[in-house]
Amino acid sequence: MIAARMIVLIFGYILGLFPTGRLVGRSRHTDLTKEGSGNTGMTNSIRVMGWKPGITVFLGDCLKAVIAMLIVWLVCRRIFPESVNLLRLYAAAGVILGHDFPVYAKFKGGKGIASSVGSIISFDWRMIPICTAAFFIAVIPTGFMSIGSLMILSGFFVQTVVFGQLGLIHNVPVNLLPELYIVAGVITGLAFFRHKENLKRLAHGEENKFAPKKKKVPEEADSRNKE
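Residues numbered from 1 in each chain as written. Predicted model: local features only at pLDDT ≥ 70, side-chain atom pairs only at ≥ 80, totals over all residues. Heavy atoms only, no water.

Here's the deal with the pattern of salt bridges
- The tally for this structure, following the rule as stated, stands at 5 salt bridges.
- Across the pair Lys64 and Asp61 runs a salt bridge, and its minimum N-O distance is 3.4 Å. Of this pair, Lys64 and Asp61 both sit in helix H4 (residues 51-76), separated by 3 residues, roughly a single helical turn.
- Judged by its relative accessible area of 6%, Lys64 falls in the buried class.
- Between Lys200 and Glu197 there is a salt bridge, with its nearest N and O atoms 3.6 Å apart. With Lys200 and Glu197 both in helix H10 (residues 196-203) and 3 residues apart, the pair spans about one turn of that helix.
- For Glu197, a relative accessible area of 40% corresponds to the partly exposed category. (Salt bridge = Lys/Arg side-chain N within 4 Å of Asp/Glu carboxyl O. Helix = DSSP H or I, 4+ residues; strand = E, 2+ residues; numbered from the N terminus. Buried < 20%, exposed > 50% of the residue type's maximum accessible area, 1.4 Å probe, protein only.)

Observations regarding the nonpolar core
- Counting residues in each nonpolar core, the largest one holds 41 residues, and the members touching the most others are Leu89, Phe123, Phe156, Leu180 and Ile187.
- Elements that contribute at least two residues to this core include exactly helix H1 (2-16), helix H3 (42-49), H4, helix H5 (84-100), helix H6 (113-123), helix H7 (128-142), helix H8 (145-165) and helix H9 (177-194).
- No other element matches H5, which puts 9 residues into this core.
- Apart from the residues within four sequence positions on either side, Leu89 is in contact with Met69, Phe123, Phe156, Leu180, Val183, Ala184 and Ile187.
- In this structure, Val24, Leu32, Val48 and Met49 belong to the second largest nonpolar core, which totals 5 residues. (Core = buried A, V, L, I, M, F, W, Y, C linked by side-chain atoms within 4.5 Å. Contact = heavy atoms within 4.5 Å.)

What about H6?
- Across the 11 residues that make up H6, a large majority, 10, are buried.
- Taken residue by residue, H6 has Ile113, Ala114, Ser115, Ser116, Val117, Gly118, Ser119, Ile120, Ser122 and Phe123 as its buried positions.
- Packed against the buried residues of H6 are H4, H5, H7, H8 and H9.

Description of the packing of aromatic side chains
- Overall, the coordinates contain 3 aromatic pairs when judged by the stated rule.
- Where Phe101 meets Phe193, the ring centres are 6.5 Å apart and the plane angle is 45 degrees; that geometry is what we call tilted. With Phe101 in the loop between H5 and H6 and Phe193 in helix H9, this pair connects stretches of sequence that are 92 residues apart.
- Phe101 gets classed as partly exposed once you look at its relative accessible area, which sits at 21%.
- Here Phe193 falls in the partly exposed class, since its relative accessible area comes to 42%.
- Residues Phe123 and Phe156 carry aromatic rings whose centres are separated by 6.4 Å and whose planes lie at 85 degrees to one another, so their mutual orientation is edge-to-face. With Phe123 in helix H6 and Phe156 in helix H8, this residue pair connects regions lying 33 residues apart in the sequence. Here the two residues Phe123 and Phe156 agree in accessibility, since each one is buried.
- Across the ring face of Trp73, the terminal group of Arg77 is positioned such that the distance to the ring centre comes to 4.6 Å.
- Here Lys196 stacks its cationic end above the ring of Phe193, 4.3 Å away from the centre of that ring. (Phe/Tyr/Trp six-rings, centres within 6.5 Å; stacked < 30°, edge-to-face > 60°. Lys NZ or Arg CZ within 6 Å of the ring centre and 35° of its normal.)

Nothing here speaks to function; it is geometry throughout.
Written out as structure tokens, the structure reads:
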């Protein structure tokens, strides 16, 4: 079982290395690492390139976790039927680590929120309503995507513990629940760690509110609007 944990973690890390943001940016002649915040995730993609490319980046990063967890389930459900969900979460953690700390970019990657969302969706769809509500409750009044992102992961961690204690998480024996909570805690902790600069800016009132890229207005139309 220890070997299985390491294998799925490494497998997840390899899938997490897929550079969705870089590829989408390159297709639009944009280097996201040199634009906006320098991050290759959804938020910076929307700010720099607009909604469609940003959503594409989000879906690609989200799918990395979904695919990893699906493959682990297909392979391990018969070998480790009682602990397959724990292994799936290890795979999710690997994907997020690969996305956040890619070896090909000197371990400087994204913040892993889209991959974390994919992990939550794949792990237990029942967590989606509360995580979604937490996101919008945080973002709508403040405009800060960073707060909303951290609320999603906080909701995920709390629900994992609650569901586990209520016996609502299947394929994880009681003696492995503490380990499941630790892995969920690591995934949540990674989100907070990758947002440490955002949290510092929030503390100093310097965090940027979410603002998608505005469409360029033709010069003639712009001059008419000013008249």
